[in-house]
Amino acid sequence: ERKKFNLLENDILVIRSNGSLGLVGRSALVKPRDTEHLFAGYLIRLRPIKSLVSSAYLQLSLETYDVRKQIHRLAKSSSGQNNINAKEICRLEVPYYSLEEQNRIVQEYRDLFSSRIFRTERSLETGEKNSHYLRQSILKQAFLGQLLPKLDHLS
């Protein structure tokens with residue numbers, strides 16, 4: 001059974017069954033650290049032919065709007081569980097490009113994603129600094145009694 005359920009680097013795991021239609025068909029690329037594990041029965045393992053398709057490209061393609069729409073159309077619901085099988089996954093229409101072009105698309109995606117993460121991290125750092133200064137200013141005003149309106153007219 002170990003051979004039947006083993007994982008290799010760059011295999012793709014696809015969620016076969018879930019109560020949430022939004023999760024059915026979601027995928028992940030197997031990393032080297034995951035190869036000591038076996039995959040569960042609610043997953044489908046894809047092992048692309050390396051000379052024809054990049055695993056990273058196929059995995060990205062499975063997450064695109066057009067392919068997700070196909071998955072939603074093909075998924076069947078039974079007893080509150082949404083399911084898709086391996087034959088239906090194999091029938092999905094995924095744009096095909098040369099291996100070189102697939103690798104370029106993956107690299108551009110990773111560059112864009114890294115850039116967005118970097119910008120988001122910088123924005124969070126700036127926000128954290130600003131909130132620190134704002135907190136210090138509020139505390140200073142509180143200790144100086146400047147947060148409450150003056151009640152001179154009551155004297």
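Residues numbered from 1 in each chain as written. Predicted model: local features only at pLDDT ≥ 70, side-chain atom pairs only at ≥ 80, totals over all residues. Heavy atoms only, no water.

Is there a simple way to think about the nonpolar core in this case?
One recurring pattern in soluble globular proteins is that nonpolar side chains are buried together. Formed by 20 residues in total, the largest nonpolar core has its most connected members in Ile12, Val14, Leu46, Leu62, Ile89 and Leu92. When contributions to this core are tallied by element, the ones reaching two or more residues are β1 (12-15), β4 (43-46), α2 (55-62) and α3 (65-74). Broken down by element, this core gets its largest block of residues, 5 residues, from α2. If we ignore the near neighbours within four places in the chain, the residues touching Ile12 are Ser27, Ala28, Leu29, Ile44, Arg45, Leu46, Pro48, Ser55, Leu58, Gln59 and Leu62. (Core = buried A, V, L, I, M, F, W, Y, C linked by side-chain atoms within 4.5 Å. Buried < 20%, exposed > 50% of the residue type's maximum accessible area, 1.4 Å probe, protein only. Helix = DSSP H or I, 4+ residues; strand = E, 2+ residues; numbered from the N terminus. Contact = heavy atoms within 4.5 Å.)

How should I be thinking about the pattern of salt bridges in this particular structure?
Where charged atoms from two side chains of opposite charge approach closely, those side chains can pair. If you walk through the whole model with that rule in mind, you get 6 salt bridges. For the salt bridge of Asp34 with Arg33, the shortest nitrogen-to-oxygen distance reads 3.9 Å. On the basis of relative accessible area, Asp34 is assigned to the partly exposed category, the value being 23%. By relative accessible area, which is 65% here, Arg33 ends up exposed. One salt bridge connects Glu88 with Lys76, and the closest N-O pair in it is separated by 2.9 Å. Of this pair, Glu88 sits in helix α4 (residues 86-90) while Lys76 is found in strand β5 (residues 76-78), placing the two residues 12 residues apart along the sequence. Of the residues examined, Glu88 reaches a relative accessible area of 7% and is grouped as buried. For Lys76, a relative accessible area of 49% corresponds to the partly exposed category. (Salt bridge = Lys/Arg side-chain N within 4 Å of Asp/Glu carboxyl O.)

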